[in-house]
Each structure stands twice: as C-alpha cells, then as structure tokens.
Amino acid sequence: DAMVIQNPRYQVTQFGKPVTLSCSQTLNHNVMYWYQQKSSQAPKLLFHYYDKDFNNEADTPDNFQSRRPNTSFCFLDIRSPGLGDAAMYLCATSRANQPQHFGDGTRLSIL
Amino acid sequence: AQSVTQLGSHVSVSEGALVLLRCNYSSSVPPYLFWYVQYPNQGLQLLLKYTSAATLVKGINGFEAEFKKSETSFHLTKPSAHMSDAAEYFCAVSVWGNKLVFGAGTILRVKS
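The following paragraphs examine the structure supplied in this document.

Cut-off values and rules
Residues numbered from 1 in each chain as written. Chains lettered and ligands numbered in written order. Predicted model: local features only at pLDDT ≥ 70, side-chain atom pairs only at ≥ 80, totals over all residues. Heavy atoms only, no water. Pairing = 2+ DSSP bridges. Helix = DSSP H or I, 4+ residues; strand = E, 2+ residues; numbered from the N terminus. Axes fitted to C-alpha atoms, helices over the stretch in contact; angles between N-to-C directions. Phe/Tyr/Trp six-rings, centres within 6.5 Å; stacked < 30°, edge-to-face > 60°. Buried < 20%, exposed > 50% of the residue type's maximum accessible area, 1.4 Å probe, protein only.

1. Some details on the sheet that holds strand β8 (residues 73-78) of chain B
Residues and elements named next belong to chain B.
Here's step 1: Across the sheet, which stays open at both edges, the 5 strands sit in the order β1-β3-β8-β7-β6 with antiparallel pairing between neighbours. Bordering the open sheet on either side are β1 (3-7) and β6 (56-58), each of which pairs with just one other strand. Taking each pair of neighbouring strands and ignoring which way they run, the sheet shows an average axis angle of 20°.
Here's step 2: Note: strand β7 (residues 64-68) against β8, 5 bridges, orientation antiparallel. Along β8, the bridge assignment pairs E64 with T77.

2. Things to note about the packing of aromatic side chains
Here's step 1: Counting across every chain of the model gives 16 aromatic pairs over all chains.
Here's step 2: Ring geometry for Y50 of chain B against F67 of chain B: centres 4.1 Å apart, planes inclined by 15°, an arrangement best described as stacked. Of this pair, Y50 of chain B sits in strand β5 (residues 44-50) while F67 of chain B is found in strand β7, placing the two residues 17 residues apart along the sequence.
Here's step 3: Take F67 of chain B: its relative accessible area is 10%, and that puts it in the buried class.
Here's step 4: With a centroid separation of 6.1 Å and an interplanar angle of 85°, the aromatic rings of F90 of chain B and F102 of chain B are classed as edge-to-face. Of this pair, F90 of chain B sits in strand β9 (residues 87-94) while F102 of chain B sits in strand β10 (residues 100-102), and the two are 12 residues apart along the sequence. Assigned by exposure class, F90 of chain B and F102 of chain B land together as buried.
Here's step 5: In this structure an aromatic cluster arises from ring pairing among Y33, Y35 and F102 of chain A together with F34, Y36, F90 and F102 of chain B.

Listed below in structure tokens is the structure:
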C-alpha cells in the first residue's frame, strides 16, 4: 500500500547529541511536512517542502533543519537536542490543495 | 489569520450514544476544513474534509460534519458511538496552500 513511513518509531538520544529522523513516501506527493507534537497538544508545523522549495515557519528554532534529497525522502535534523525537544515528530505529505497524509510518527526522547 | 477552537478538551459518551465534537473556525476567506483522528502512538488519519461543495460532509467510520457559515462551525457527529471510536480528534483549517492550522484536540472516551 502507498504510504508515509517514518523511521525509527522510537528514538532516544542524549542531550546535545545530533539526531536525524527520516520520512519516506510512496505516494509521489510533491509537498512534505514536518510537525512537532508535544503531549496533549496539537501538531505544530515546523517546515514544509513544496517540491524542492523549503519553507520554514517563523517560530521554528534554528536548532531544527531539514533536507529533502528527492521526492520520496525527507529528513529532520536536530543539531543539539534539548530536553524541550522531546516530542512526537510527524511527517505528512500531500499534493497541492489536497489533504495531508500522515506517517505514524517518531517519538523522540532526550536523556 | 485563521484559527480553530475546539470546545471541550475531553468528551465522554456511552457506547451507542450520539457523538458530538464541536469546532469553530475563524477565517477571512472561505476555508477548507478537516477532521482528523489520532489513536495513541499513531499519526493522524483523515476522517473527512469540507472544500466548499456540499455543506454536509460524510466521512469514514460513520462520521459526518456540517459546515455552517453563519455560525462559523464545523461540528463532527456520529449517531452511535463504538468503543473503537475512543481517540483524539483534531479539527483543522487550511487557507493558503496546504498549510493546516489545528485546534487543540478533543479526547473522546466511550464508556461501555
């Protein structure tokens, strides 16, 4: 089945140690998104790619970066994770003006 | 700027009872509106969407929602709750391109 796949589902890293989360899709959608969702809160958009065009939300910390090497893959890099970055990270994809399809997320823990 | 308000962070219903989850939106232009459901430790699944066609929208799992422009509302209903409906539900609005603005979510509990 076509889908959005996030790896790993659970990630543990140390305070300040860089970490990369990955997302892949078989839907051939041109838009990919990264959201941060903290416990009991709504997802918060960090950034999105429209094809190769990167769009950063104004309040996304500089600590968060993203790469999209091709249509199918997108990565979220956290350069120096702090305790406040512990959250569920959700990847989503869509075609222009179509609903977003979400992966199952990666739950990030910071030790 | 657009926004979404979900009334009630927690809603509890008995199995077989009506489910009503409330959503009000604010938008200066005609919006697209969505309801998503999230089960524990999973991503969001689209239940239904309103994109300026019929005001009564039917979705998956027996859910439906009615767009009422005069009330700026998009409430989600289901005639008869099932235990498997227990989850968190998010209402969202989209205006510019595909960017979604989510409400704070409503956790639905279904009692047997």
